[in-house]
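Chain by chain, the residues run as shown.
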Amino acid sequence: MYERFAREYAAHAESSAYNAYYDRPAVLGLAGDVAGATVFDAACGPGLYAAELLDRGARVLGCDASPTFVGLARDRTGGRADLRVHDLADPLTWVPDGSVDLAVLALAVHYLDDPVALLREFRRVLRPSGAVVLSTEHPAKAWRRLGGSYFTVEPVEESLSSERDWPVRSWRRPLTDLNAVFRAAGFLIEELLEPRPVPEMADRYPDDHASLATFPAFIAFRLIPDPR
């Protein structure tokens, strides 16, 4: 979906309020200490998370369905990461069983028609002590924007930006349904985070900071394999 506007989005995400000062700090915070860990960056986009993970001492592999994104991510990471063009709807056949310490899926699970299938692939490639960190739009935020019933599960076609023609198709799901996805894939929620904006956002994006300080836009999770 992003291929048509990949370069525009990459420039936007590098320093935008919701990416640079909200989601990335939340996701990387849940990732914790990654020094020496093998991290799989699913839907790596232009490599903003991958570059930070590498700088923190991780070995990074990952993928995105957009060839432009993968090219940008490879440039950003300077060949230090194994990044490939791959659709997450397909099995991760190139990633061995039990070879990954952490899987990161930032702002992408809502694009999947079958998120259980991908999370089961994460379960396969994770070591027993591994974890998944993922973020998505907060279900309450989607309900506030889209209206109707909060409990609706349906695909929605809209622009990713109110100011740009960036068409995407994503799923709205209540929190109960999202939790059911995790359980069906064999994961438990270790930590749930409704992020607060980092203080630096107040200087550059005061209106966004004021909004996000009172109502969440995203929600993030750290998942661990169910030992049963």
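Preceding this section is the structure that the text describes.
Rules of the game
Residues numbered from 1 in each chain as written. Predicted model: local features only at pLDDT ≥ 70, side-chain atom pairs only at ≥ 80, totals over all residues. Heavy atoms only, no water. Core = buried A, V, L, I, M, F, W, Y, C linked by side-chain atoms within 4.5 Å. Buried < 20%, exposed > 50% of the residue type's maximum accessible area, 1.4 Å probe, protein only. Helix = DSSP H or I, 4+ residues; strand = E, 2+ residues; numbered from the N terminus. Contact = heavy atoms within 4.5 Å. Lys, Arg positive; Asp, Glu negative; His and termini not counted. Salt bridge = Lys/Arg side-chain N within 4 Å of Asp/Glu carboxyl O. Arc of directions from axis to C-beta.

In this section: the nonpolar core. Core analysis: the biggest nonpolar cluster contains 66 residues, and F40 and F122 have the highest contact counts within it. The element best represented in this core is strand β4 (residues 100-106), accounting for six residues. Not counting residues up to four positions away in its chain, the partners in contact with F40 are L61, G62, C63, L92, W94, V95, V100, L102, A103, V104 and F122. Listed in part, the 10 residues of the second largest apolar core include A17, A20, V198 and L212.

Attention now moves to the side chain of D23. Along the chain, D23 falls in helix α2 (residues 17-31). Summary of buried charges: D23 has no salt-bridge partner, and the nearest side chain of opposite charge, R24, is 7.3 Å away. Once residues lying within four places of it in the same chain are set aside, the contact partners of D23 are Y18, Y49, A106, L107, S135 and F218.

Let us look at helix α1 (residues 6-15). Among the residues of α1, A6, Y9, A10 and A13 are the ones counted as buried. Down the axis of α1, the buried side of the element spans an arc of 105°, and every buried residue falls inside it. Across α1 from its buried face, at more than 90 degrees, point the exposed residues R7 and A11. The inward-facing, buried residues of α1 contact α2, α3 (48-55) and α4 (67-77).

At A43, a residue that is not glycine, the phi angle is positive and equals roughly 55°. Here A43 lies in the loop between β1 (38-42) and α3. The backbone phi angle of L107 is positive, close to 50°, even though this residue is not glycine. Take L107: it is sitting in the loop between β4 and α5 (115-125). Given a relative accessible area of 15%, L107 falls into the buried group.

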